[in-house]
Structures are given as C-alpha cells and as structure tokens.
Amino acid sequence: MFEEQFDYIIVGGGTAGCLLANRLSADPAMRVLLLEAGKKDNYPWIHIPVGYLYCIGNPRTDWLYRTQPEKGLNGRVLRYPRGKTLGGSSSINGMIYMRGQARDYDGWAALTGDDAWTWQNVLPDFKHHEDHYRLDDGADPSTGQGRRFSGMHGHGGEWRVEKQRLKWEILEAFANAAVEAGVPRSADFNTGDNEGVGYFEVNQKSGWRWNASKAFLRPVKNRPNLAIWTQASVSKLHIETTPSGLKRCAGVELIRSGGAMTVRARREVILCAGAIGSPLILQRSGVGPAALLREHGVNIMLDLPGVGENLQDHLQIRTVFKVSGVATLNTLANSLIGKAKIGLEYMLTRRGPMSMAPSQLGAFTRSDESRAYANLEYHVQPLSLDAFGEPLHKTPAFTVSVCNLNPTSRGSVRLTSPAQDAPPAIAPDYLSTDEDRQIAASSIRQIRMIAAKPALAKYQPVEWKPGAMFESDAELYKLAGDIANTIFHPVGTTRMGQADDAMAVVDSHLRVRGLAGLRVVDAGVMPAITSGNTNAPVLMIAEKAARWIIRDAQANV
C-alpha cells in the first residue's frame with residue numbers, strides 16, 4: 001500500500017518546514033521527505049523585495065484564501081494571503097525580522113507548564129540560526145558595538161538579518177514626531193522589549209529577499225537522504241489503530257503529478273502547513289471537533305475540539321495622510337521616468353524603492369498610559385494604496401498602519417467539505433470584543449496626535465482616510481471596520497497546552513494529543529499571538545522542535 005518509506009515526512013515547505021528539513025536530514029541515517037503543494041521558488045518576483053506586490057493575490061505563489069464575511073468589519077470579506085511555494089509565506093511576506101516581547105514567551109511557558117518556552121530559553125533558538133549584520137565585523141574595540149549586540153544576536157547562521165537600504169524624508173519626520181509624542185527611540189526591536197520607534201530590520205541579503213528556502217534548503221538540497229517534492233498536495237493523514245488500541249499517524253496520502261499515492265513515515269509526520277493549512281489537513285483526516293467532522297461526513301478518528309479554534313491575527317488599521325513638498329513612492333512610481341529611475345537604481349546598486357520591505361519605519365507604543373507594556377505596533381510607509389496588491393494612489397501621501405498586538409478576539413478555521421480542493425471557512429472574528437474595539441478607537445486618535453506634532457507640520461499632512469470629521473467612539477469603531485485589513489499573522493489554531501486543557505491540540509513538545517507519530521510545527525501551535533510579526537517566532541519554534549525530534553529519535557534507538 002505504501003509506495004515509499006521515509007523516517008520523517010514534513011508536510012509544508014514553508015518557514016518551519018525548510019528549517020526542519022535542514023536539521024533532520026543532517027543525520028545521513030535518516031531519510032527525510034519534504035512535501036510542498038506549491039512550485040519551486042524560482043519565480044523572479046519572489047526574490048526582488050518589492051515583488052510581494054506581484055506575489056500576493058497571484059495563484060503562482062498564494063493560496064488565494066478569503067475570509068468569511070466579518071461582522072466586526074461591517075460584513076467585509078478580506079483577502080487572506082498564505083504562501084504557496086517553497087519558502088511558504090517567507091517568500092511573499094514583508095521580510096520584517098521581529099521576535100516579539102519577552103512576556104509573550106514567558107506567557108507561553110505559564111500556559112504550557114514548560115519552562116522551555118520562557119524568553120531566556122527561546123533566545124538561544126533565535127540566535128542559533130541568525131546571521132545578524134550588526135556582528136559582521138565582530139566587536140568594535142572603540143565602541144564595543146559588537147559586544148553590545150552579541151548577547152542578543154547570533155552570527156554565522158543561515159537566517160540573514162540586515163538593515164534596510166534606503167531612507168525617506170517623510171519617515172524621518174514621522175519618527176521625530178513620534179519622539180515629540182513621547183515614544184522613545186529604539187536601536188533594536190528584538191531585545192525582548194520592543195517599545196520605541198526605529199527602522200525595521202529585514203530578512204534580506206544584499207538587496208534580495210532572503211526566504212527560508214534559500215537559507216535552509218539550498219545548502220543541503222543535494223543530500224542523498226533528503227527528498228523535496230513540490231506540487232505534492234497532501235489529501236489527508238494516514239492513521240492506523242495498533243492492536244493495543246493506540247492511534248498512530250503512519251504516513252500521508254497525497255496527490256503528485258496527477259496521481260494519488262501514500263507514503264509511510266517510520267518515525268514521525270510533522271505538519272508544517274501553517275495556521276490555516278495544518279488544521280484543515282487534520283480535519284480532513286478525521287482529527288478535530290467531532291460535530292464539525294460529522295457535519296461534513298468525515299470519519300472521526302480522534303475528537304480534538306481545539307483543532308481550528310483559537311484563531312488570532314493582527315488587524316491593522318490603515319490611515320492615510322496626504323502631504324505636500326516631500327517625495328513619496330506614489331509620485332515616483334506613477335510616471336515612466338520615475339519607474340525607469342527606480343528600476344535602474346535597483347539594477348545598479350540593489351537599493352532604492354525596489355529593495356523596500358512593505359514597511360520601513362516601525363513603532364511600538366501603548367494605547368493608553370495604564371498599559372504596562374507596548375500593545376500597539378505601527379507600520380509607517382512612504383506610499384498609499386487601498387490594499388497590498390492594489391495600485392498605488394497618485395496623490396503624494398504616506399500611510400500609518402497600526403495594529404493591536406494582543407487582540408482578545410478569537411476566530412476559527414473549519415473545513416467546508418472533505419474534498420481536497422475545497423477552501424476552508426476562515427473566520428478571524430475581528431473586533432468582536434469591547435476591548436479590541438476600544439483599542440482600535442484609541443489607536444486612531446493616537447495616530448492623529450502624532451501627525452499633529454511640529455516635526456510633520458511643514459509637510460501639511462491632511463488625514464485622507466478615514467477622515468478627521470469622525471471623532472466619536474461609535475464612528476471610529478465603524479471606521480476601523482471599514483478600513484482595517486489583516487497584517488497576515490494567523491496563529492493559534494493547533495495551540496499547545498497542558499494535559500488538562502481540553503482545547504489544546506499539542507503538548508508543549510508539539511506532539512498531537514492522542515495520536516502517536518504526529519507533531520505540528522508552525523504558527524498554529526502558539527497559544528497566544530506574539531507582540532509583533534510572526535515569521536521569526538516560527539523559525540524559533542522549528543529550531544526547538546528539531547532538537548526535540550532528534551533527541552527523541554536517539555532515545556528510541
């Protein structure tokens with residue numbers, strides 16, 4: 001019945017899957033299979049930083065998911081991008097390197113009862129694969145800069161982190177205005193306390209996007225014990241019941257080259273299909289809430305009510321200000337001469353707008369003085385558009401996006417049919433709590449306060465969206481629903497927890513409860529969303545998981 005056998009089968013060639021394939025295949029005695037439903041990452045726009053504009057919404061690189069109509073967004077349906085290519089979402093995301101806050105991981109440790117997840121114990125996993133530009137020249141004896149950052153960052157690993165290769169006058173002015181509003185400067189957002197204003201660091205190398213496939217797969221792709229299958233879509237997990245009654249994931253059923261096949265895992269199957277893909281595969285396999293599976297005629301293998309629940313995401317509210325007397329990308333990119341200059345600059349120097357991450361300037365601050373920590377993240381951009389993937393506006397403008405770092409709203413991912421090509425029902429349930437709505441209103445007011453500071457005055461900023469005439473809480477709640485969009489950070493749908501937590505899907509070592517031979521290693525295992533962008537935390541999770549998987553294999557020899 002099984003057409004091939006491997007020690008490990010990794011489902012999903014994205015951020016976590018690429019790292020795991022690298023680490024697990026380092027032992028030549030272990031045969032490893034990496035499965036990716038998308039194609040190879042040889043599409044040119046993946047590698048040019050501004051190419052996210054051409055990858056999001058493109059069936060070549062994006063699953064093209066959409067949400068259900070969202071009540072909190074006044075019935076709107078959102079595009080919900082997820083990477084469908086080697087490198088996964090690291091091939092189409094904003095390239096921002098952001099760990100979050102120390103309290104995030106200390107909170108995970110408390111929820112799971114496992115100190116392995118404390119900030120002190122995840123920091124080595126972040127550093128292990130990091131190649132941070134600040135340490136390129138070692139420690140500078142005159143400034144001690146290398147020593148200053150060496151305790152917090154790593155060097156020589158696969159995951160390149162660089163500073164951005166351009167600056168904009170309007171962004172400098174916004175940073176100064178934020179300081180005038182009481183936000184401190186930040187030289188490094190990744191020390192465990194990211195409060196402050198500064199430029200985001202990015203996963204780029206010499207002006208090119210640095211995705212997980214380049215970092216972790218390309219150096220090892222010729223290992224004889226590593227097989228990488230692209231355009232291989234997993235239908236469901238192959239689950240067996242042992243004579244003792246134990247259920248075990250023995251392999252996967254998949255479609256490749258138009259044909260169905262089943263592949264066995266001698267040791268483990270590792271789901272790395274992301275916070276949307278992993279719960280969907282589990283549910284199609286009969287692992288999930290019994291009522292949901294029964295509704296869709298799926299044979300129930302294991303009633304795990306938490307599968308697909310606890311969806312969390314960062315919802316960004318995008319405000320736009322028209323300006324005068326200063327360059328923005330809108331004006332540069334809306335003429336043939338401007339486009340030619342941009343293209344030539346990138347071709348010759350790998351700098352300029354084509355090297356831009358979607359967001360350049362960042363700020364972390366508090367929605368009100370009562371907060372003990374920064375609970376808002378700003379993404380400030382020298383451009384404006386209706387949504388990523390849409391054309392730039394023609395009017396000179398800049399965008400200030402703000403998101404609630406710790407939303408209390410919780411949504412779900414649920415199958416709509418057992419058919420492999422049926423899209424999931426994604427319902428983030430944004431702005432469904434009073435706290436989230438109040439923070440949304442407060443964040444819009446805070447943006448206006450910063451925009452009114454003297455540092456921006458000479459550019460005559462005029463609020464274009466949502467519009468300064470709207471002031472009451474009720475008006476701002478509705479406006480937030482009208483203009484807010486996902487910032488592409490879904491997590492939590494296969495969350496980890498303790499044995500007495502009925503909604504936990506995996507234990508603190510990411511093993512699926514009640515099902516031997518199966519782990520989930522992706523953003524879905526986060527019990528609570530991190531206070532920042534989520535790509536770097538997924539690599540940390542995968543680094544930790546790889547070590548546990550290898551240790552377990554050695555213990556069972």
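Residues numbered from 1 in each chain as written. Predicted model: local features only at pLDDT ≥ 70, side-chain atom pairs only at ≥ 80, totals over all residues. Heavy atoms only, no water.

Visitor: Is there a simple way to think about the overall build of the protein in this case?
Guide: On a plain count of helices and strands, the protein comes out with 16 helices and 25 strands. Against the compact-globule benchmark of 24 Å for 557 residues, the protein has a radius of gyration of 23 Å, which places it among compact chains. Taking the principal axes of the C-alpha coordinates as reference, the protein spans close to 75 × 55 × 45 Å. Residue burial in the protein is summarised as follows: out of 557 residues, 61% are buried. Put simply, 71% of the contacts in the protein that link residues at least 6 apart link residues at least 24 apart. Of the side chains in the protein, 62 bear a positive and 56 a negative charge, and the two mean positions are spaced by 5 Å. (Helix = DSSP H or I, 4+ residues; strand = E, 2+ residues; numbered from the N terminus. Rg over C-alpha atoms; globule rule 2.2 N^0.38 Å. Buried < 20%, exposed > 50% of the residue type's maximum accessible area, 1.4 Å probe, protein only. Contact = heavy atoms within 4.5 Å. Lys, Arg positive; Asp, Glu negative; His and termini not counted. Charge placed at Lys NZ, Arg CZ, Asp CG, Glu CD.)

Visitor: What's the story with the pattern of salt bridges in this structure? I'm lost.
Guide: Two side chains with opposite charge may pair up if their charged atoms get near one another. Applying the stated criterion to the full structure yields 27 salt bridges. Glu4 serves as the salt-bridge partner of Arg31, at 2.9 Å between the closest nitrogen and oxygen. Remark: Glu4 occurs in strand β1 (residues 4-11) and Arg31 occurs in the loop between α1 (15-24) and β2 (32-35); sequence separation between them is 27 residues. Taking relative accessible area as the criterion, Glu4 reaches 27% and is therefore assigned partly exposed. (Salt bridge = Lys/Arg side-chain N within 4 Å of Asp/Glu carboxyl O.)

Visitor: Could you clarify how one ought to interpret the packing of helix α4 (residues 102-112) against helix α5 (residues 119-128) in this entry?
Guide: Angle between the axes and distance between the axes: these two values describe a pair of packed helices. Remark: α4 packs on α5, axes separated minimally by 8 Å, with the N-to-C direction vectors making an angle of 115°. Taken as axis vectors, α4 and α5 run roughly perpendicular relative to one another. Taken together, the residues of α5 that come into contact with α4 (itself represented by Ala102, Tyr105 and Asp106) are Trp119, Val122 and Phe126. (Axes fitted to C-alpha atoms, helices over the stretch in contact; angles between N-to-C directions. Parallel < 35°, antiparallel > 145°, perpendicular 65-115°, else oblique.)

Visitor: What is the right way to look at unusual backbone geometry in this model?
Guide: Most peptide bonds adopt trans geometry, and most residues besides glycine take a negative phi value. Omega for the peptide link from Lys465 to Pro466 comes to 10°, which places this bond in the cis form. Considering the arrangement of structural elements, one finds Pro466 in the loop between β23 (462-465) and α15 (473-483). A positive phi angle, near 55°, is found at Ser257, a position not held by glycine. Structurally, Ser257 can be placed in the loop between β12 (247-256) and β13 (259-271). By relative accessible area, Ser257 is classed as exposed at 76%. Residue Asp429 is not a glycine yet carries a positive backbone phi of 60°. Asp429 sits in the partly exposed class, given a relative accessible area of 34%.

Visitor: What should I look at first to understand the packing of α1 against helix α16 (residues 535-555) in this one?
Guide: Relative orientation of the contacting elements α1 and α16 amounts to 30°, with a least axis distance of 9 Å. In this view, α1 runs roughly parallel relative to α16, as classed from their interaxial angle. Seen along the crossing, α1 lies across α16 with a hand that is right-handed. Seen from α1, the contacting residues are Thr15, Ala16, Leu19, Leu20, Arg23 and Leu24; seen from α16, they are Asn535, Val538, Leu539, Ala542, Glu543, Ala546, Ile549 and Ile550. Its residues assigned to classes, the contact of α1 with α16 shows 10 nonpolar, two polar and two charged. (Left-handed = near helix turned anticlockwise from the far one by under 90°. Nonpolar A, V, L, I, M, F, W, Y, C, P; charged D, E, K, R; others polar.)

Visitor: Just to check I follow, could you spell out the packing of aromatic side chains for this structure?
Guide: To describe a pair of aromatic rings, one takes the distance between the centres and the angle between the planes. Following the criterion strictly, the structure yields 16 aromatic pairs and no others. Taking the centre distance of 5.7 Å and the plane angle of 80° together, the rings of Trp117 and Trp548 count as edge-to-face. With Trp117 in the loop between α4 and α5 and Trp548 in helix α16, this residue pair connects regions lying 431 residues apart in the sequence. For the pair Trp117 and Trp548, one class covers both residues: buried. Where Trp119 meets Phe126, the ring centres are 6.4 Å apart and the plane angle is 45°; that geometry is what we call tilted. (Phe/Tyr/Trp six-rings, centres within 6.5 Å; stacked < 30°, edge-to-face > 60°.)

Visitor: Can you help me understand the sheet that holds strand β22 (residues 425-427) in this one?
Guide: By way of backbone hydrogen bonds, the strands of a sheet pair with one another, either parallel or antiparallel. The strand order across the open sheet formed by three strands is β16-β21-β22, and the pairing between neighbours is antiparallel. Edge strands, defined here as strands with exactly one partner in the open sheet, are β16 (309-311) and β22. Between one strand axis and the next, the sheet turns through 35° on average, direction left out of account. Set on the sheet, helix α9 (residues 274-284) makes contact with β21 (411-414) and β22; between it and β21 the angle comes to about 50°. (Pairing = 2+ DSSP bridges.)

Visitor: Which parts of the structure should I look at to understand the nonpolar core?
Guide: Core analysis: the largest hydrophobic core is formed by 86 residues, its most contacted members being Ile9, Trp117, Trp229, Leu237, Leu510 and Val521. Apart from the residues lying within four places of it in its own chain, the contact partners of Leu510 are Trp117, Met496, Leu518, Arg519, Val520, Val521, Val525, Ile541, Ala545 and Trp548. (Core = buried A, V, L, I, M, F, W, Y, C linked by side-chain atoms within 4.5 Å.)

Visitor: How should I be thinking about the side chain of Ser443 in this particular structure?
Guide: Relative to the helices and strands, Ser443 resides in helix α13 (residues 434-451). One polar contact links the side chain of Ser443 to the main-chain carbonyl oxygen of Ala440, over a distance of 2.8 Å. In contact with Ser443, other than residues within four places in its own chain, are Ile317, Leu376, Tyr378 and Val402. (Polar contact = N/O pair within 3.5 Å; in protein donor to acceptor, adjacent residues only side chain to side chain.)

Visitor: Explanation requested: α13 in the structure shown.
Guide: Think of an α-helix as 3.6 residues a turn; residues three or four steps apart then line up on the same face. For α13, built from 18 residues, the straight-helix expectation of 26 Å at 1.5 Å per residue is met to within 8% by its first-to-last C-alpha distance of 26 Å. Along α13, the residues that are buried comprise Asp436, Ile439, Ala440, Ala441, Ser442, Ser443, Ile444, Gln446, Ile447, Arg448, Ile450 and Ala451. (Expected span 1.5 Å × (residues − 1).)

Visitor: Sorry if this is basic, but what is going on with the environment of Tyr430 here?
Guide: Its location among the elements puts Tyr430 in the loop between β22 and α13. Residue class for Tyr430 comes out buried when judged on its relative accessible area of 4%. As for Tyr430 and Leu34, which are separated by 396 residues in sequence, their C-alpha atoms are 34 Å apart. Other than its neighbours up to four places away in sequence, Tyr430 contacts Glu70, Gly72, Leu73, Leu78, Tyr80, Asp313, Leu315, Ser409 and Thr486. A polar atom in the side chain of Tyr430 sits 2.6 Å from the side chain of Asp313.

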